[in-house]
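# Notes for the structure review
Listed here are the chains, written in short residue letters.
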Amino acid sequence: MRSGLLAELMAGALEDAAARAQRLPARTLEAQAIAAPAPRDALAALAPRDAVHVIAEIKRASPSRGALAEIPDPTELARAYEAGGASAISVLTEGRRFGGSLSDLRAVREAVGLPVLRKDFIGNEYQILEARAAGADLVLLIVAALDQPVLARLHAFIGELGMTPLVEAHDAEELDRAGEVGARLVGVNARDLTTFELDPELFGRLADDFPPDAIRVAESAVRTAQDVARYRADGADAVLVGEALVTGGDPATAVRSFLEG
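In this report, we go over the structure that sits alongside the text. This structure is a prediction, so every number in the text was calculated from the model and none was measured.

What follows is about the overall build of the protein. Each helix and strand in the protein was counted, giving 12 helices and 10 strands. Over its C-alpha trace the protein gives a radius of gyration of 17 Å, about what one expects of a compact globule, namely 18 Å for 261 residues. If you line up the protein on its principal axes, its C-alpha atoms span 45 × 40 × 35 Å. Here the protein holds 261 residues, and the buried ones make up 56% of them. For the protein, long-range pairs separated by at least 24 residues make up 68% of all intrachain contacts whose partners lie at least 6 apart in sequence. Only carbon and sulfur atoms are counted for the fraction: they give 49% of the accessible area of the protein, which is about 10,600 Å².

If you walk through the whole model with that rule in mind, you get 3 aromatic pairs. Residues Phe98 and Phe121 carry aromatic rings whose centres are separated by 6.0 Å and whose planes lie at 35° to one another, so their mutual orientation is tilted. One end of the pair, Phe98, is in the loop between strand 4 (88-92) and helix 5 (102-111); the other, Phe121, is in the loop between strand 5 (116-119) and helix 6 (125-133), and 23 residues separate them in sequence. With respect to burial, Phe98 and Phe121 carry one shared label: buried. Pairwise contacts between aromatic rings join Phe203, Phe210 and Tyr231 into one cluster. Over the ring of Phe210 we find Arg216, and its NZ or CZ is 5.8 Å from the ring centre. Over the face of the ring belonging to Tyr231 we find Arg230, whose NZ or CZ atom lies 4.8 Å from the ring centre.

By size, the foremost hydrophobic cluster in this structure holds 96 residues, and its most contacted members are Ile58, Tyr81, Ile89, Tyr231 and Phe258. Ranked by residue count, the leading element in this core is helix 1 (residues 5-23), at 6 residues. In contact with Ile58, other than residues within four places in its own chain, are Ile71, Pro74, Leu77, Ala78, Tyr81, Ile89, Ser90, Val91, Leu92 and Val108.

Reading around the barrel, the 8 strands line up as 1-4-5-6-7-8-9-10 and close back on themselves, with parallel pairing between neighbours. Shown here is a sheet whose adjacent strand axes are inclined to one another by a mean of 25°, direction ignored. Pairing geometry for strand 9 (residues 215-219) and strand 10 (residues 238-241), over 3 bridges, is parallel. From the neighbouring strand, Val217 faces strand 10, where its bridge partner is Ala238. Sheet contacts for helix 8 (residues 172-180): strand 7 (164-169) and strand 8 (185-189); angle to strand 7, the most-contacted strand, approximately 160°.

What follows is about a negative patch on the surface. Taken together, Glu173, Asp176, Glu180, Asp208 and Asp209 make up a surface patch of like negative charges. Topologically, Asp209 is positioned in the loop between helix 9 (202-206) and strand 9. The partly exposed category is assigned to Asp209, whose relative accessible area is 33%.

What counts as what
- Chains are numbered independently. Their residues run from 1 in the order of the written sequence.
- For a predicted model such as this one, the threshold for reporting local features is a pLDDT of at least 70, and the threshold for listing and counting side-chain atom pairs is 80 or more; totals across whole chains, interfaces and linings nevertheless cover every residue.
- Computation of side-chain values: all heavy atoms of the structure, hydrogens and water removed.
- Each helix is a run of H or I in the DSSP string that is no shorter than four residues. Each strand is a run of E no shorter than two, and both are numbered from the N terminus.
- To get the radius of gyration, use the C-alpha atoms; to get the globule rule, take the number of residues to the power 0.38 and multiply by 2.2 Å.
- Burial classification: accessible surface area is computed with a 1.4 Å probe over protein chains only, and a residue below 20% of its type maximum counts as buried, one above 50% as exposed, and the rest as partly exposed.
- Any two residues whose heavy atoms approach within 4.5 Å at even a single point are treated as in contact.
- Under the convention used here, a 1.4 Å probe and the Shrake-Rupley method define accessible areas, while residue burial counts only the protein chains that appear.
- Here the aromatic set is Phe, Tyr and Trp, taking the six-membered ring for Trp, and pairing holds for ring centres within 6.5 Å; pairs whose planes are under 30 degrees apart are stacked, those over 60 apart are edge-to-face, and all others are tilted.
- In our convention, an over-ring charge means Lys NZ or Arg CZ found within 6 Å of a ring centre and within 35 degrees of that ring's normal.
- Put simply, a nonpolar core is a bunch of buried Ala, Val, Leu, Ile, Met, Phe, Trp, Tyr and Cys residues held in one set by side-chain atoms that sit within 4.5 Å of each other.
- Strand pairing is assigned whenever DSSP detects at least two bridges linking the two strands.
- Lines fitted to the C-alpha atoms define the axes, with helices restricted to the stretch that makes contact. Angles between their N-to-C directions range from 0 to 180 degrees.
- A patch consists of residues whose relative accessible area exceeds 30% and which take part in no salt bridge; residues with like charges are grouped when within 9 Å of each other, and nonpolar side chains (Val, Leu, Ile, Met, Phe, Trp, Tyr) when within 5 Å.
- One side-chain nitrogen of Lys or Arg within 4 Å of one carboxyl oxygen of Asp or Glu is enough to make a salt bridge.
- Neither His nor the chain ends contribute to the count of charged residues, in which Lys and Arg are positive and Asp and Glu negative.
- Where a charge lies is defined by one atom per residue type: Lys uses NZ, Arg uses CZ, Asp uses CG and Glu uses CD.

By themselves, these observations are geometric and do not establish any function.
Following this line, the structure appears as structure tokens:
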């Protein structure tokens, strides 16, 4: 597991989850997860096609840039993303540094017909049950934050609940680890989560190292349609975009421009 900011973010997320578990026991949460509406098929929604897919993110803040957008009504933004042609919506639920919450996820899931990703620092089954109870269809797993046995266990648990894991890597070794657990939806994040610096060329360098037949997602370093086009040329099936959409003023038009890029 990497150290630095990623370790800090993971520790904080697990601490906050433990506090919620004191208020809502796992057994009760499990019952809520079972009773939640069935997950949407994210693999079908993001299957390779002639055009790139856009996973549009609801993101209020980040450790690297601080406050990005207030987003008083995440459902309004989610509907704009859907109207613009997004294939899925990512909702940051981490509260300390990103300003998100599970209530954002619940609201977005009820507002749109697209698969919804819980993007957070996931390290245990309780957080995955929370995601399902809130209506998530996908859950992010960050390879760098998890030992291989934990990655395998959580990847399997997400699948048992009918959801799709998005397994995020930052180098060839982590892509190999994603393949070892059978990941079918795999992302490469251009942002180094230990320093939060960007490397826009990282996806292209790693494009040939993805697990065979995995849907390939490029994450971060997207500001313009040309950035999306570069990722597409490098083999991306989907791009995950956050800051450029929440700060651009017209999210529906921005999604369309990325799809046309």
